[in-house]
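# Results of the structural survey
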Amino acid sequence: SVVRFMTRHAQVVVLDRYAVSTVQLDFWKIFGPTSDYYTTNLSVENDILYNHRADKPPVGNVYQFPLYIFTSKYHPPKGVEKDIELFFSGTINSKAREEALPALELLKQKGYNVLINTSRLSMEQYLDYMSRSLLCLSPAGVGYDCFRHYEIMLCSSVPLINASDEPLKIALSHGENCFLYKDADDMVRQVESLLKDPQSLKKMGEQLSTTVHATNDIYSVGNKILSRYITDSSFKQKLSPADRVLV
């Protein structure tokens, strides 16, 4: 009865935080033909199916749901020396991470300053290592999109991420806010090439530490979603300049 009341009196927005690219259509359809669906790993295939085909199911639109972080709760050190060339910290719980470890060891053997950690770190130490790193490796774990990508950006470092097996609508662009690699061999080649120009990596990291507030802060993401449904101009006037860019 609650669902029937909601669908009669309001447009329903479904926020799906599961780290999969599938759309839970049966659940979505409960909320009526005008309901919209947000998923954190929207595939290009589902974007076409639900947003662009004439024979689409009787539901609203599907959107990429950006992962968000509470940027105000992080306190990375500022102005630290970039004395680590490549940093990785994480549980080895996926094929992408298993394949990355030998590549990291190879880079260490070649003389690069690579820091590898597979145990738990304190938040202070975690942020310190990322802030001191030119590049931070962030291969997929349980899901493809990951909070770590945006934590790296917040720490003025540059994420190095394995390319997704399927095309996704996630706003990760090679050379703009990350570097994407195809496999372990490609990762090694890219790291060696990128580290030839550390100043460019420093500049890119500094830019990302600013733009991530507009793209992946929890309030920016929330305001972007709300702006699609609230037409009152007074709401948009209250947004910060960074949030208004997203409207």
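See the structure shown above.
Residues numbered from 1 in each chain as written. Predicted model: local features only at pLDDT ≥ 70, side-chain atom pairs only at ≥ 80, totals over all residues. Heavy atoms only, no water.

## Observations regarding the sheet that holds strand S1 (residues 13-16)
Pairing within the open sheet is parallel, and its three strands lie in the order S1-S2-S3. The open sheet has two edge strands with one neighbour each: S1 and strand S3 (62-64). With direction set aside, neighbouring strand axes in the sheet form an average angle of 20 degrees. By the bridge criterion, three bridges tie strand S2 (residues 36-39) to S3 in an arrangement that is parallel. Directly across from Tyr37, in S3, lies its bridge partner Val62. (Pairing = 2+ DSSP bridges. Helix = DSSP H or I, 4+ residues; strand = E, 2+ residues; numbered from the N terminus. Axes fitted to C-alpha atoms, helices over the stretch in contact; angles between N-to-C directions.)

## Section: helix H6 (residues 147-154)
Counting buried residues along H6, seven of its eight residues qualify, which places the element largely inside the surrounding structure. Taken together, the buried positions of H6 are Arg148, His149, Tyr150, Glu151, Ile152, Met153 and Leu154. On its buried face, H6 is in contact with strand S4 (84-89), helix H4 (95-109), helix H5 (123-131), strand S6 (133-137), strand S7 (158-162) and helix H8 (198-216). Ser156 lies just past H6 and shows a positive phi near 65 degrees. (Buried < 20%, exposed > 50% of the residue type's maximum accessible area, 1.4 Å probe, protein only. Contact = heavy atoms within 4.5 Å.)

## Brief notes about H4
Spanning 15 residues, H4 covers 22 Å between terminal C-alpha atoms, matching the ideal 21 Å at 1.5 Å per step. Those residues of H4 that fall on the buried side of the exposure criterion are Ala96, Arg97, Ala100, Ala103, Leu104 and Leu107. After H4 finishes, the residue Gly111 shows a positive phi value of roughly 100 degrees. (Expected span 1.5 Å × (residues − 1).)

## What to know about the side chain of Thr40
With respect to the helices and strands, the residue Thr40 is situated in the loop between S2 and helix H3 (44-51). A distance of 3.2 Å separates the side chain of Thr40 from the side chain of Asn41, its partner in a polar contact. Residues in contact with Thr40, not counting those within four places in the same chain, are Asp16, Arg17, Tyr18, Ala19, Gln64, Phe65, Leu67, Asp145 and Ile170. (Polar contact = N/O pair within 3.5 Å; in protein donor to acceptor, adjacent residues only side chain to side chain.)

## Concerning the packing of aromatic side chains
According to the stated counting rule, one finds seven aromatic pairs in the structure shown. Three or more aromatic residues joined by ring pairs make a cluster, and in this case those are Tyr38, Tyr63, Phe65 and Tyr68. Cation over ring: Arg228 sits above Tyr63, and NZ or CZ is 4.0 Å from the ring centre. (Phe/Tyr/Trp six-rings, centres within 6.5 Å; stacked < 30°, edge-to-face > 60°. Lys NZ or Arg CZ within 6 Å of the ring centre and 35° of its normal.)

## Some thoughts on the sheet that holds strand S8 (residues 179-181)
One open sheet accounts for five strands, arranged S5-S4-S6-S7-S8; its pairing is parallel. This sheet does not close on itself; its edge strands, each paired only once, are strand S5 (114-117) and S8. The average angle at which neighbouring strand axes cross in this sheet is 20 degrees, direction not considered. Relative to S6, S4 is paired through three bridges, and the arrangement is parallel. Across the sheet, residue Leu86 finds its bridge partner in S6, namely Leu135. Relative to S5, H4 is tilted by about 145 degrees, and along the sheet it contacts S4, S5, S6, S7 and S8.

## Considering the pairing of S5
Pairing of S4 with S5 involves four bridges; the strand directions are parallel. Residue pairing for S5: Phe87 is matched across the bridge by Leu115. Running through H4, the crossover from S4 to the neighbouring parallel element S5 is right-handed. (Right-handed = clockwise from strand over helix to strand, strands pointing away.)

## Considerations on the nonpolar core
With 45 residues, the main nonpolar core has Leu86, Leu135, Leu137 and Met187 as its most contacted residues. Leave out the neighbours within four places in its chain, and Leu135 touches Glu85, Leu86, Phe87, Ser157, Val158, Phe179, Val191, Leu194, Leu195 and Leu201. Ranked by size, the runner-up nonpolar core spans ten residues in total, among them Trp28, Phe31, Tyr37 and Tyr50. (Core = buried A, V, L, I, M, F, W, Y, C linked by side-chain atoms within 4.5 Å.)

## A short note on the pattern of salt bridges
Counting across every chain of the model gives seven salt bridges. Its salt-bridge partner being Lys169, residue Asp47 comes within 3.7 Å of it at the nearest N-O pair. With Asp47 in helix H3 and Lys169 in the loop between S7 and S8, this residue pair connects regions lying 122 residues apart in the sequence. Residue classification places Lys169 among the partly exposed residues on the basis of a relative accessible area of 40%. Ionic pairing is found between Arg132 and Asp128, a salt bridge with its closest N-O pair at 3.0 Å. Its relative accessible area of 22% is what places Arg132 among the partly exposed residues. Since its relative accessible area comes to 21%, Asp128 is described here as partly exposed. Taken together, the shared-partner salt bridges connect Asp83, Asp128 and Arg132 into one network. (Salt bridge = Lys/Arg side-chain N within 4 Å of Asp/Glu carboxyl O.)

That's the geometry; what it means functionally is another story.
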